Amino acid sequence: MKYVLRDYQRDASTAAVRCFQSKGARNGLLILPTGAGKSLVIADIASKLDGPLLILQPQKEILEQNFAKLQSYGCWDASVYSASVGRKDINRITFATIGSVMNHMEDFEHFKNVMIDECHYVNSKAGQYKQFIEATERRVVGLTATPYRLCSFRGGSTLKFLTRTNPRIFSSVLYYCQISDLLAKGYLANLHYYDCTAVDMSRVRSNSTGADYDDKSLKEEYKRSGFYDKLSQTTIRVLKPKSGIPRNGVLVFTRYIEEAESLVNKLQSVGINAGIVTGETPKRDREEILEEFKAGSIKVVANVGTLTTGFDYPELDTIILGRPTKSLALYYQMVGRAIRPFKGKDGWVVDLCGTYRRFGNVADLKIDLEAPNSSRWCIMSHGKQLTNVMFQ
């Protein structure tokens, strides 16, 4: 394989290989920030293992991207097994989606080494991942930029670090690197944050679990504050910055389809080409919109419930947060769309919903231990613990 690993990528790969090769190893985590080049890490791990390796991906877009990059490194003993991709081939290295694997479990019994990409989707209490992992003795390495998942219980909700769920799939942290370290080395793009909060979130109630905002209450605040107009006005201003240097694509996250439609209609009425992508957008339409976006013919994409993962566009320099959230993972994934490095990039995150006030700069998020010499991993920011605590 022809590629060059950075120091942290080499260390992550080494940690995973040791886990796979050791006797009695426990399932562990590799924690790599968005934009850290996990496809390189996957490729290097695969090159160092002699036996079969199964790599599970949560969705076809991520699978296709990682598989294409693996092949670009000269690795040809690899294949894809996924109904959504339209291919079902098994090789020494097999990229697959969990649903397709579960339909033919007997064909994958010989895979004793398994990697799970975006492993924060693994529910330790139930689901296909849990069933597959426990079907036979396997070593499992999970990759994620957000090593926690929402857990609800009587009286509230909390973000649980993946090594602290009960029950748990992942017992240890094999390797991690901090966002701030990669930024300091120039491996990620520096982002400038602009707090343009246009709603009063103190007026918005939480939902029944306390883990996010109530839809009815939020829509009432949108209406009271004139949020839709403020969203379109802000987007137009961003497209015409004082510097005179045009933005290289504006990706707007909205919570509801009516927000996205209102924004795009307004932009188009003033001659700005814009598109909408939702979870219901047909595959061909989605691909066409995103290709035109990357080519620059579409200046703005408003999206609902998608494009938080599996959207690889390093040139993207502008994110507008037009939806509030209590989810640290969602906030990080949205901001992460602009953190991938690109020559000359001046990254902007423009927040209209108070989420930046809640979570701050993602560079300040730290993977840490609650106490020295403990095994209780957590996420901290400026001394405040964000995981394994009740939602406020």
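Here, the structure is the one placed above.
Residues numbered from 1 in each chain as written. Predicted model: local features only at pLDDT ≥ 70, side-chain atom pairs only at ≥ 80, totals over all residues. Heavy atoms only, no water.

(A) Summary view of the overall build of the chain. For the chain, the count of helices and strands is 12 helices and 19 strands. For a compact globule of 392 residues, the expected C-alpha radius of gyration is about 21 Å, and the chain comes in at 21 Å, within 12% of that figure. In terms of principal-axis extent, the alpha carbons of the chain reach across some 60 × 45 × 40 Å. Within the chain, the proportion of its 392 residues that are buried is 56%. For the chain, the proportion of contacts with a sequence separation of at least 24, taken over those separated by at least 6, is 73%. (Helix = DSSP H or I, 4+ residues; strand = E, 2+ residues; numbered from the N terminus. Rg over C-alpha atoms; globule rule 2.2 N^0.38 Å. Buried < 20%, exposed > 50% of the residue type's maximum accessible area, 1.4 Å probe, protein only. Contact = heavy atoms within 4.5 Å.)

(B) Structural detail: the sheet that holds strand 10 (residues 172-176). Read from one edge of the open sheet, 8 strands run 4-3-5-2-6-7-1-10, paired in mixed fashion. With partners counted over all chains shown, the strands left at the sheet margins are strand 4 (87-88) and strand 10, one partner each. Sheet strands touched by helix 2 (residues 38-48): strand 1 (28-31), strand 2 (53-57), strand 5 (93-97), strand 6 (113-117) and strand 7 (139-144). Its angle to strand 6, the strand with the most contacts, is close to 175°. Docked against the sheet, helix 5 (residues 128-135) engages strand 2, strand 6 and strand 7, running at close to 170° with respect to strand 2. (Pairing = 2+ DSSP bridges. Axes fitted to C-alpha atoms, helices over the stretch in contact; angles between N-to-C directions.)

(C) Representation of the nonpolar core within the structure. Counting residues in hydrophobic clusters, the biggest one holds 101 residues, and the most contacted among them are Leu-30, Ile-45, Leu-56, Ile-116, Phe-132 and Val-362. Examining the composition of this core, we find that 7 residues originate from one element, helix 1 (residues 7-21), more than from any other. There are two domains that each give this core at least three residues, and those are domain 1 (7-177) and domain 2 (188-360). With near-sequence residues (within four places) excluded, Ile-45 lies in contact with Ser-13, Ala-16, Val-17, Phe-20, Leu-30 and Met-115. Met-201, Ala-302, Val-304 and Cys-353 belong to the second largest nonpolar core, which has 28 residues in total. (Core = buried A, V, L, I, M, F, W, Y, C linked by side-chain atoms within 4.5 Å. Domains from an automatic or database assignment.)

(D) The pattern of salt bridges, seen in detail. Taken as a whole and assessed by the stated rule, the structure comprises 20 salt bridges. The partner of Arg-92 in a salt bridge is Asp-77, and the shortest N-O contact between them spans 2.7 Å. Placement of the pair is Arg-92 in the loop between strand 4 and strand 5 and Asp-77 in the loop between helix 3 (60-72) and strand 3 (78-82), with a sequence separation of 15 residues. Take Asp-77: its relative accessible area is 28%, and that puts it in the partly exposed class. For the salt bridge of Asp-212 with Arg-255, the shortest nitrogen-to-oxygen distance reads 3.5 Å. You can see Asp-212 sitting in the loop between strand 11 (191-195) and helix 7 (215-225) and its partner Arg-255 sitting in the loop between strand 12 (250-254) and helix 9 (257-269), a full 43 residues away along the chain. On the basis of relative accessibility, which here comes to 17%, the residue Asp-212 falls in the buried class. (Salt bridge = Lys/Arg side-chain N within 4 Å of Asp/Glu carboxyl O.)

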